[in-house]
Each structure stands twice: as structure tokens, then as C-alpha cells.
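# An overview of the molecular structure
Here are the chains, one letter per residue:
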Amino acid sequence: MTRRVCVIGWPVAHSRSPLIHNHWIAEYGVEDAEYVRLAVEPEGAGDKILNLASLGFIGANVTVPHKEVAFAALGRHDAVARRLKAVNTVVTLADGSLEGRNTDGYGFIANLKDRAPSWRADAGPAVILGAGGAARAIAAALEDEGAPEIRIVNRTAGRAEALIADLGLKSAKVFPLAQTAMALEGAGLLVNTTTLGMKGESEVSFDLSPLPKSALVTDIVYTPLETGLLRRAREAGHEVVDGLGMLLHQAVPGFEAWFGVRPEVTEELRQLVLADIAGK
Ligand code: ATR
């Protein structure tokens, strides 16, 4: 029987998950496996996710805007999804029940370890720009990885306060945009989780000079691959890591759970996705 997995989103046409998973299916010679897009409108999304099996799927990725709905719909979760109250990966357990997981934070950390092997989470405070869903996954993962302090810089301070309270972050501070310079002082990592820097959006514009030169700078935006923030950081002498690897690495645990092979994030896969981006 074909093991079918889908990515659920609205819209979902832009999703590169099929490209990634079908590349691995071919590379590892996984037989009777298929990964497809499933456009699911917000109304009734929870029911669709609950009824994956009757739709013919053994698992799914869940993307915008359904990650929270997927969490609410499912009765079982791993610890990370429970903490984030958001699900990006659904697997069928041995007893046939569905479990919601969240691999976004894993993908973020795995990308840094892959591209900047000398980086250590405990090297200094981590500064996160933004307080949306991606910021939540990254903040929780950085705390788990040993970051001594998390500093959230966000336009809307209340959202950053809610993030810290909801995740129960132990050592975290909120900085309004006007105090970005203070947030950068002594930091070991700067990560942009906002949409700033994305093609067509304005760029992250604050001065990077208060950031120690030893700090790693990364962006979750990967179109363009080198955002204005990454370019400025590179020119100022910082080590930089682009955001494409987060997308690639977050897919690894799902593929392993569905198909029983732990896939590798290779340069070939990276080039495949880059070519797809360039072609759009
Ligand atoms: P996601 O869930 O994908 O992380 P999101 O929930 O839409 O995305 O969050 C987007 C983040 O980018 C937010 O932190 C948002 O700031 P606010 O909380 O103040 O809305 C931030 N953001 C988006 N556009 C921005 C802009 N022009 N200037 C500053 N911050 C911006």
C-alpha cells in the first residue's frame, strides 16, 4: 500500500516540502511512498487533520495558517508541540492514533550546527527579532539548547511579553525597537524571525555595531538567500547563516517517522531548492 503524506496549508502552492520529501523518497529508494500538497481552507481544517487516515494519508506537515488549529484538533502531542501549542508534523503511531509534533525549533538549531559548527548556544544571550510563531519555536529551542538569556525585540511589546509568559521562558527580556542597541550588547546570537528583509519588504535597518563581532547572525528569511541583514553582518565581520537550512532540517524528523529512514540534508538538496526558488 502506498504511504501517502501531505503538506496542509492555505495557500499551499508555494510549499517546497514536496520537493524536499520527494527528493529523499527517490534518493533513498523508498518504495510505495508519495508526498503531495493538500490545500485546506481554514473552515474545517481541524476536521481534515483529524481525518487524515480516511483521506488516505499516514502523516502530514502543517503550515501557515493551520499550525495552531492542528494542535487543538489532535489529542496527542510531543513535548515541544505541547509547549508551543503549534504542530508542523503529524505522524500515525503504532496504535493508529495521530500525534502532533513540532520540528521548527529542531530545524533552526540543526541548521546552525550544520553551517556554523563552532557556534555554542551558551556563548551569550540570544537576541530574537520578532514574536510570531517562528520566534516561539526558536526561543524555546534556544533555551533548551542552553542559551543563558533570550532577548526579544519586537515592534509590539505585548506580543513579546505573551511569548515569554506562554513558553515559561526562565531568563528572558523584552526590548522595544527603540532599545535594540541595548539588546545587542554582549549577545552571542542575533536571529531575525520577522518578515523584514523578504523580497518586496523593507529591510532590518538598525545599527549592528553594538553587537560583539563574535556573535553569529542568522535570518529565517531565505528569499533572498542573503538578506540585507545578513549582508551587513557579513560585511561587518560576523559569521552568518542563511535561513534555507532551517526549512531543510525541519523536514528530517518527519521523513524519518513516516518512512523509517533518517535523511541527510545535502548540498545537492540545497541546490535543488535554490534552483526552484530561482525559477519562480
Ligand atoms: P510567523 O508566525 O511566521 O513568525 P507572524 O506571527 O506574522 O509570523 O509574526 C511576524 C513578526 O514580524 C512579528 O513579530 C511582527 O511584529 P508585531 O508583533 O509587532 O506585529 C514582525 N513584523 C512584521 N512586519 C514588521 C515590520 N514592518 N516592522 C517590524 N516588525 C515587523
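Our subject is the structure that appears above.
The present account deals with the structure reproduced in this document. Predicted model only: the values in this text are computed from it and were never measured. (Residues numbered from 1 in each chain as written. Predicted model: local features only at pLDDT ≥ 70, side-chain atom pairs only at ≥ 80, totals over all residues. Heavy atoms only, no water.)

## Re the site of the ligand
Note the following rule: Any residue with a non-hydrogen atom lying within 4 Å of a molecule or strand is treated as near it. Polar contact criterion, stated in full: a pair of N or O atoms within 3.5 Å, where within protein one must be able to donate a hydrogen and the other to accept it, and residues adjacent in sequence count only if both atoms are side-chain atoms. Per-residue and other accessible areas were derived by the Shrake-Rupley procedure at a 1.4 Å probe size, with only the shown protein chains allowed to occlude residues. Gly falls in the polar group here, along with every residue not listed as nonpolar (Ala, Val, Leu, Ile, Met, Phe, Trp, Tyr, Cys, Pro) or charged (Asp, Glu, Lys, Arg).
Every residue close to the ligand is listed here: Gly130, Ala131, Gly132, Gly133, Ala134, Asn154, Arg155, Thr156, Arg159, Thr194, Thr195 and Leu196. Note that an oxygen atom of the ligand is positioned 3.1 Å from one of the backbone N or O atoms of Ala134. Arg155 places a side-chain nitrogen or oxygen 2.8 Å from an oxygen atom of the ligand. Summarising the interface, the protein chains cover 69% of the accessible area of the ligand, which totals 650 Å² for the free molecule. Of the residues assigned to the shell around the ligand, the class counts are three nonpolar, seven polar and two charged.

## A look at unusual backbone geometry
Condition: Secondary structure is summarised from DSSP: a helix means a run of H or I of at least four residues, a strand means a run of E of at least two, and numbering begins at the N terminus for each.
The amide bond that connects Val64 to the next residue, Pro65, takes the cis arrangement and shows omega of 0°. Structurally, Pro65 can be placed in the loop between strand 3 (59–62) and helix 3 (67–73). Here the amide bond leading from Thr223 into Pro224 is cis, since omega sits at 10°, within 30 degrees of zero. With respect to the helices and strands, the residue Pro224 is situated in the loop between strand 11 (216–219) and helix 9 (228–235). A positive phi is found at Lys85, a non-glycine position, where the angle reads about 55°.

## Observations concerning the pairing of strand 5 (residues 89–92)
Successive side chains on a regular strand alternate, one facing one side of the sheet and the next facing the other. Condition: For two strands to count as paired, DSSP must find a minimum of two bridges between them.
Pairing of strand 3 with strand 5, which is carried by three bridges, proceeds in the antiparallel orientation. Residue pairing in the sheet places Ala60 in a bridge with Val90 of strand 5. Here strand 5 pairs with strand 6 (residues 98–101) via four bridges, running antiparallel. Counted as the bridge partner of Thr92 is Leu98 from strand 6. Between the end of strand 5 and the start of strand 6, which pair antiparallel, lie five residues, with Gly96 showing a positive phi angle near 90°.

## Thoughts on helix 12 (residues 267–279)
Applied cut-off: Expected span of a helix, by definition, is 1.5 Å for each gap between consecutive residues, and there is one gap fewer than residues. Working definition: with a 1.4 Å probe on protein chains only, accessible area under 20% of the residue-type maximum means buried, over 50% means exposed, and in between means partly exposed. Each C-beta atom gives one direction from the helix axis, and the arc is the one those directions make. In what follows, a contact means two residues having at least one pair of non-hydrogen atoms within 4.5 Å.
In this model, helix 12 (13 residues) spans 18 Å end to end at C-alpha, consistent with the 18 Å of a helix rising 1.5 Å per residue. Taken as a whole, helix 12 has its buried residues at Leu269, Arg270, Val273, Leu274 and Ile277. Seen along its axis, helix 12 keeps its buried residues to an arc of 135°; they face one direction. Exposed and oriented more than 90 degrees from the buried face of helix 12 are Glu268, Ala275, Ala278 and Gly279. As for helix 12, its buried residues are in contact with helix 1 (17–27), helix 5 (104–115) and helix 10 (244–250).

## With respect to the pattern of salt bridges
A side chain of one charge can pair with a side chain of the opposite charge if their charged atoms are brought near each other. The test is simple: Salt bridges are defined by distance alone: a side-chain nitrogen of Lys or Arg within 4 Å of a carboxyl oxygen of Asp or Glu.
Under the criterion given, the structure shown has 15 salt bridges. A salt bridge links Arg83 to Glu143; the shortest N-O distance between them is 2.5 Å. One end of the pair, Arg83, is in helix 4 (residues 79–84); the other, Glu143, is in helix 6 (residues 133–145), with 60 residues separating them in the sequence. On the basis of relative accessibility, which here comes to 16%, the residue Glu143 falls in the buried class. In this structure, a network of salt bridges that share partners links the residues Arg83, Glu143 and Asp144.

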